[in-house]
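# Secondary and tertiary structure notes
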Amino acid sequence: MSMITPVLVRLRRTHGAKALRYCGVSAVNVMVGMTMLALCYSVLGWPAVAANLAAWIVGTVPAYLLSRAWVWQQSGTHRMGSEMILFWMMALAGLVLSSVTVGLVDRYTDSALLVLAGNFIAYGAVWVAKYLFLDKVMWPSGQPVDVEAAGAVEAGSGR
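Now for a description of the structure that goes with this document. (Residues numbered from 1 in each chain as written. Predicted model: local features only at pLDDT ≥ 70, side-chain atom pairs only at ≥ 80, totals over all residues. Heavy atoms only, no water.)

When you go through the protein chain residue by residue, the secondary structure sums to 5 helices and 0 strands. Helices and strands appear in the protein chain in the N-to-C order α-α-α-α-α. Taking all 159 residues of the protein chain together, the buried fraction comes to 30%. Surface accessibility of the protein chain: about 9500 Å² in total, with carbon and sulfur atoms responsible for 72%. (Helix = DSSP H or I, 4+ residues; strand = E, 2+ residues; numbered from the N terminus. Buried < 20%, exposed > 50% of the residue type's maximum accessible area, 1.4 Å probe, protein only. Areas by Shrake-Rupley, 256 points an atom, 1.4 Å probe, with all protein chains shown as cover.)

Below, the structure written as structure tokens:
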């Protein structure tokens, strides 16, 4: 346990509020995507892969905008090559993995719950790698987040 504590302290200092914001964006994206997937698959009767594609299309735009503006606090011009295309490529990797997964699940069962679970597990497999890529490659801050200082600044700004 004594070796875990310094690791957790370092992770909190390095990622702190940013990781919590990323979790928040992910929660919104999961709700939007799962709702769309369930609607298209269960209510409209679409095949699982088509429903999954619709969920991806609907969820990717807010995921990019929220990640850029809220999680990594980027503003200004959206860079097509170094931001948008890379983000969509990562999202596409999640789409491919989840489509293969929901397609396989759908082949063996017509359970909407299992299709949703397959989608959730596939995207979960990509989630941490995506965070690390966005944080270290796409929008690197270069400076660790000081959670206590950030809280004091936010409290002083009236937010």
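Structurally, Arg68 is set in helix α2 (residues 48-71). There is a polar contact of 3.4 Å between the side chain of Arg68 and the backbone oxygen of Gly76. With near-sequence residues (within four places) excluded, Arg68 lies in contact with Gln73, Gln74, Ser75, Gly76, Thr77, His78, Glu83 and Trp139. (Polar contact = N/O pair within 3.5 Å; in protein donor to acceptor, adjacent residues only side chain to side chain. Contact = heavy atoms within 4.5 Å.)

With respect to the helices and strands, Asn119 occurs in helix α4 (residues 112-138). According to the relative accessible area criterion, Asn119 is buried, its value standing at 8%. In contact with Asn119, other than residues within four places in its own chain, are Met34, Leu37, Asn52, Ser98 and Val102.

With that out of the way, let us pick up helix α3 (residues 80-108). Since one α-helical turn is 3.6 residues long, residues separated by three or four positions face the same way. Its 29 residues place the ends of α3 40 Å apart at the C-alpha level, agreeing with the 42 Å of an ideal helix rising 1.5 Å per residue. Among the residues of α3, Glu83, Phe87, Met90, Ala91, Gly94, Leu95, Ser98, Ser99, Val102 and Val105 are the ones counted as buried. Residues of α3 that are buried in the fold lie against α2 and α4. (Expected span 1.5 Å × (residues − 1).)

A separate point is α4. At Trp127, α4 is bent by approximately 30°, the largest bend along its length. Those residues of α4 not exposed but buried are Val115, Gly118, Asn119, Ala122, Val126, Lys130, Tyr131, Leu134, Asp135 and Met138. (Bend = angle between axes of the 7 residues up to and from the residue.)

A few words now on the nonpolar core. Residues Tyr22, Val25, Ala63, Tyr64, Val71, Trp72, Phe87, Met90, Tyr131, Leu134, Met138 and Trp139 constitute the largest nonpolar core, which totals 12 residues. Contributing elements (two or more residues each) for this core: α1 (4-43), α2, α3 and α4. Contacts of Ala63, omitting those with residues within four sequence positions, involve Val25, Asn29 and Phe87. Counting 11 residues, the second-largest nonpolar core is a separate cluster that includes Met34, Cys40, Ala54 and Ala55. (Core = buried A, V, L, I, M, F, W, Y, C linked by side-chain atoms within 4.5 Å.)

Volume-wise, the largest pocket comes out at about 550 Å³. Along the wall of the largest pocket there are 25 residues; nearest its centre are Ser26, Asn29, Val30, Tyr123 and Trp127. Broken down by secondary-structure element, the contributors of at least two residues to the lining of the largest pocket are α1, α2, α3 and α4. Looking at the lining of the largest pocket residue by residue, the class counts come to 14 nonpolar, 10 polar and 1 charged. (1 Å grid on protein atoms, 1.4 Å probe; cavity = no way out; pocket = protein on both sides within 12 Å on 5 of 7 lines; lining within 4 Å. Points joined across faces, edges and corners; volume = space filled by probe spheres on them. Nonpolar A, V, L, I, M, F, W, Y, C, P; charged D, E, K, R; others polar.)

A word on a nonpolar patch on the surface. Where nonpolar side chains cluster on the molecular surface, the patch consists of Val28, Met31, Val32, Val58, Leu66 and Trp70 and spans about 490 Å² of accessible area. Among the elements of the structure, α1 and α2 are those that each provide at least two residues to the nonpolar patch. Here Leu66 is to be found in helix α2. (Patch = residues over 30% accessible without salt bridge, like charges linked within 9 Å, V, L, I, M, F, W, Y side chains within 5 Å. Salt bridge = Lys/Arg side-chain N within 4 Å of Asp/Glu carboxyl O.)

To continue, consider the packing of aromatic side chains. For the structure shown, the criterion picks out 9 aromatic pairs. Clustering of aromatic rings is evident, with ring pairs tying together Tyr22, Tyr64, Trp72, Phe87, Trp88, Trp127, Tyr131 and Trp139. (Phe/Tyr/Trp six-rings, centres within 6.5 Å; stacked < 30°, edge-to-face > 60°.)

Fair warning: the whole summary comes from geometry, so function is off the table for now.
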